[in-house]
Amino acid sequence: MIEIENLSKAFRDFWAVTDINLRVEAGQVLALLGPNGAGKTTTVRMLTTILRPTRGTARVAGYDVLTQPDKVRAAVGVLTEGHGLYPRMTADEYLDFFARAYRLAPGERKPRIDELLSFFGLAEARHKQVGQFSKGMRQKLALARALLHKPPVLLLDEPTSAMDPASARLVRDAILELRSLERAIIVCTHNLTEAEEIADQIAIINHGKIILQGSPQQLKMALQDTVRFRIRFAAALNGHTPSLIKGAELLEQGEDWLVYQTAQPHSVNPALIQHLSQQGLPILTIEEQVCSLEEVYLRAVEVKL
Amino acid sequence: MSIERLKDHLSGTFLVATREVREQFRDWRIIFPIVVLTLFFPVLMNYTANRLVNFVQQYDAPIIGERLIPFLLMVVGFFPMSISLVIALESFVGEKERMTIEPLLCTPLSDTQLYFGKLLASLTPPLLASYLGTTVYLIGVTYRVGWRADPLFLLQIFVLATMQALVMVSGSVVISSQTTSVRAANLLASFIIIPMALLLQGVSALMFWGRYTALWWVAVGLLIVAGLLIRSGLAQFRREELLEREMDTLNLRWIGQTFWRFFKGEGRSLWGWWRSEVLRSGRKALLPSGLTILVLLLGGYVGASQAKVFVLPAEYIQEHWNSGEIVSRLGTLQLLPTYTVGLVWFQNLRAIFLASLGGFFTFGVLGMLVLLLPFALIGYFMASLAQAGISPGLFLGAFIIPHAILEVPAILLAGGAILRLGASFATPARGQTVGEAWLKALSDWAKVMLGLVMPLLLGAALVEMLITPRLAFWLMSR
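No experiment lies behind these values; they were computed from the predicted model shown.

(A) Seen up close, the overall build of chain A. When helices and strands are counted, chain A shows 10 helices and 14 strands. Taken over C-alpha atoms, the radius of gyration comes to 24 Å for chain A, far larger than the 19 Å a tight globule of 305 residues would show. Taken along the three principal axes of its C-alpha coordinates, chain A extends 80 × 45 × 30 Å. Expressed as a percentage of its 305 residues, the buried residues of chain A come to 41%.

See the structure below:
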């Protein structure tokens, strides 16, 4: 659905995006993570054909962004960085304008607009001027615009920003539903929890380059050269620091727990359990600690800074 | 284009235009001046016309009143169009600043639909206001002063107003699509306001002079300019470049490097550069040079035709031609005593640079007019000599042809390069930004000037000062 090959964009002598390669199949969500100015918006703009790649190419919904831009635009639903709403138009007029621009058949327009307005809870505000909308309502209206023509590909820049938790939930559910309808979706977001929840794949972009890519689980493992474990003891440690065996490194300690890391859990863990028991420290639980996506993201971005 | 495609194209254009117009009519900042300029201002002008007509009649000068009423009609029609400038300047860059342009650019609407939609939206409300204002004024002068407009004159005023609006809007939309902030667009608006102010003064002079037929020519000229501006705007409008420009910074280093890259080309030595680059640029100028030939011939024809209008007395020409003064001056090579080869070369170069400068701002048009002038003069003198019974061929052969052999090719090449330079705004190549396309055309112009025109003009100046007088002396003294 979305195939990106060596996509690059230079603004005069500044390369905003360099040799990006991505692939998003129908029914998949890719979350594009990265700090501000990393190249997310430039990438999305190239996929929507409103920026021309300097090098490389991309196919969106089967169409080439360089040679078939009109077809690409007709097949893509876009939620832009700014909402892009006209404040003096009513929600109804706004959606009708874009429905016509996307060439929806006359009989199809009103039912589709009604459907989207009621889905996003904007039906009652349909005759209000957009300028009077709250930030969240504007975001919903912009999303409704992106979905108007039932595009097979969705490019969503910060879809839940400025939304209250309930609305954000609604949008996330909508994205998951669209995914199940075999849409290919790219979501640019800073919300890592959201990315983890909705994305099948995550790509971390920094300084215009993809520095890490894979499923959320793969990403978490990718930067872990050691595995962390948390042990909870049956009794309090009372300030005593247990000695560990060679190959296990103590990271943190609490009242009745400790966290250590090891590069060879298969050999170290059984020996360590035995060692601690011999010290009179009975173990209640032991669990592997996978690092969070936030840690992965921060490490990835930091490493490449 | 099939009917279906045309219909589809127009529906997209109207869609963009109607949305914009609808939004404009919800903005009091636009509504207020339109109402004032269409309803109150014409009433004020009516009052002014009435008072002035009465006043000048006291001094038995009705002609002032007669000329003033149509003039005020033109003014009333023009004023509401000033709004078109504001709307059109905002059209693209305003949306970009408000961040509403991106969703619009992401739609399947074509570049042409977007461009014409914006153009139409900027044109329609002020033009309607202009027509309405004119109508209000006409009703007023009909009832209060008893002035009846000639239907043809009315048509002329409406056409003129429409053309003025079209030029202002098309120029402003070009600016709006090429700038990155409304502020920058407003600053650049001087390039429209100043010529339009001058035009208005010219039109006023024509109207007070009573040369109403000339207004048709003004309208035709405006139509051509509008056509060129629309052509240029469309050629330069690319949605992929609209969001690319983030800042209006002048990158002199980049400009210098890009120009030098194009100018130097593949030349390794001076001779190699001349052979590969100068000749290549010269070849590119050949086709527009063909157009220059037509323009110069037209200049000669127009000059010759004026000999019947501004007649030089035959006896005056004959007296000077036959007095022997010319021959005696030629004999001592003193036909142009204060001139030197360097000065003639400098004069010609100055004219070419002036033509280039004019052509740069006017798609080559003003450049052509500058080049056309000497040919118009030659045509005029030849026709005048013929009218006086003197062979124009002798004049041509003795005074013009010797150095024209080098000078005319130089002028033709320069004309071609100027046209290409002017046209680069209207037809930038795909894959190049407007700036790159223009720098390329400028480098081609520079190569043609430096490598061909300047040496040819130097040769022409040498011939003009050293050979032409001798040849003329020989021919004239036979």
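(B) Quick look at the domain arrangement of chain A. What the domain assignment reports for chain A is domain 1 (2-221) and domain 2 (225-289). The C-alpha-based centres of domain 1 of chain A and domain 2 of chain A are spaced at 46 Å.

(C) Here's a closer look at helix H1 (residues 40-47) of chain A. Residue and element names in this part refer to chain A. Most of H1 sits out of view: eight of its eight residues are buried. When H1 is considered as a whole, its buried residues turn out to be Lys40, Thr41, Thr42, Thr43, Val44, Arg45, Met46 and Leu47. Backbone geometry just after H1 places Thr49 at a positive phi near 70°.

(D) Highlighting the interface of chain A and chain B. Contact residues are listed per partner, giving 26 residues for chain A and 20 residues for chain B. Those elements that provide at least two residues to the side of chain A that touches chain B are helix H2 (69-75), strand S6 (76-79) and helix H3 (91-101) of chain A. Here the element with the most residues in the side of chain A that touches chain B is H3 of chain A; it accounts for four residues.

(E) View of the sheet that holds strand S14 (residues 283-289) of chain A. Residues and elements named next belong to chain A. Pairing is antiparallel in the open sheet, where four strands are placed in the order S12-S13-S11-S14. Every interior strand has two partners, whereas the edge strands, strand S12 (248-253) and S14, have only one. For this sheet, the mean angle separating the axes of adjacent strands, direction not counted, is 25°. Sheet topology places strand S11 (residues 227-233) next to S14; six bridges connect them, and they run antiparallel.

(F) Quick peek at the domain arrangement of chain B. Once the domains are mapped, chain B shows domain 1 (3-242) and domain 2 (253-476). Computed from C-alpha atoms alone, the centre-to-centre distance between domain 1 of chain B and domain 2 of chain B is 38 Å.

(G) Structural context of helix H11 (residues 213-236) of chain B. Across its 24 residues, H11 of chain B extends 35 Å between first and last C-alpha, which sits within 8% of the 34 Å expected from 1.5 Å per residue. Taken as a whole, H11 of chain B has its buried residues at Ala219, Leu222, Val225, Ala226, Leu228, Leu229, Ile230, Ser232 and Gly233 of chain B.

(H) Quick peek at the packing of helix H15 (residues 286-306) of chain B against helix H19 (residues 365-387) of chain B. Residue and element names in this part refer to chain B. Two elements in contact, H15 and H19, have axes whose closest approach is 6 Å; the angle formed by their N-to-C orientations is 40°. When the axes of H15 and H19 are compared, the pair comes out oblique. The chirality of how H15 crosses H19 is right-handed. Residues Thr292, Val295, Leu296, Gly299, Gly300, Tyr301, Val302, Gly303, Ala304 and Gln306 of H15 touch H19, and the partners they reach there are Met368, Leu371, Leu372, Phe375, Ala376, Leu377, Ile378, Gly379, Tyr380, Met382 and Ala383.

(I) Structural context of the pairing of S6 of chain A. Residues and elements named next belong to chain A. Where burial is concerned, the two faces of S6 agree: the one with Val76 and Val78 and the one with Gly77 and Leu79 are both buried. As judged from the four bridges shared by S6 and strand S7 (residues 153-157), these two strands associate in the parallel manner. Opposite Gly77, over in S7, you have Leu154 as the bridge partner.

(J) Structural view of the nonpolar core. Counting 147 residues, the largest nonpolar core has Ile2 and Val187 of chain A as its most contacted members. The residues contacting Val187 of chain A, other than those within four sequence positions of it, are Val29, Ala31, Leu32, Leu156, Pro159, Ile175, Ile198 and Ala199 of chain A. Grouped together as the second largest cluster of nonpolar side chains are 48 residues, Leu385, Ala417, Leu439 and Met465 of chain B included.

(K) View of the pairing of strand S4 (residues 55-60) of chain A. Residue and element names in this part refer to chain A. Bridging between strand S1 (residues 2-11) and S4 involves five bridges; their strand directions are antiparallel. Looking at S4, one finds that Ile2 is bridged to Val60. In this sheet, strand S5 (residues 63-64) lies alongside S4 in antiparallel orientation, the contact comprising two bridges. Paired with Arg59 across the strands is Asp64, a residue of S5. In sequence, S4 turns back onto S5 through a hairpin of two residues, with Ala61 there showing a positive phi of about 55°.

Calculation criteria
- Residues numbered from 1 in each chain as written.
- Chains lettered and ligands numbered in written order.
- Predicted model: local features only at pLDDT ≥ 70, side-chain atom pairs only at ≥ 80, totals over all residues.
- Helix = DSSP H or I, 4+ residues; strand = E, 2+ residues; numbered from the N terminus.
- Rg over C-alpha atoms; globule rule 2.2 N^0.38 Å.
- Buried ≥ 20, exposed ≤ 12 C-beta atoms within 10 Å, placed from the backbone.
- Domains from an automatic or database assignment.
- Contact = placed C-beta atoms within 7 Å.
- Pairing = 2+ DSSP bridges.
- Axes fitted to C-alpha atoms, helices over the stretch in contact; angles between N-to-C directions.
- Expected span 1.5 Å × (residues − 1).
- Parallel < 35°, antiparallel > 145°, perpendicular 65-115°, else oblique.
- Left-handed = near helix turned anticlockwise from the far one by under 90°.
- Core = buried A, V, L, I, M, F, W, Y, C linked by C-beta atoms within 7 Å.

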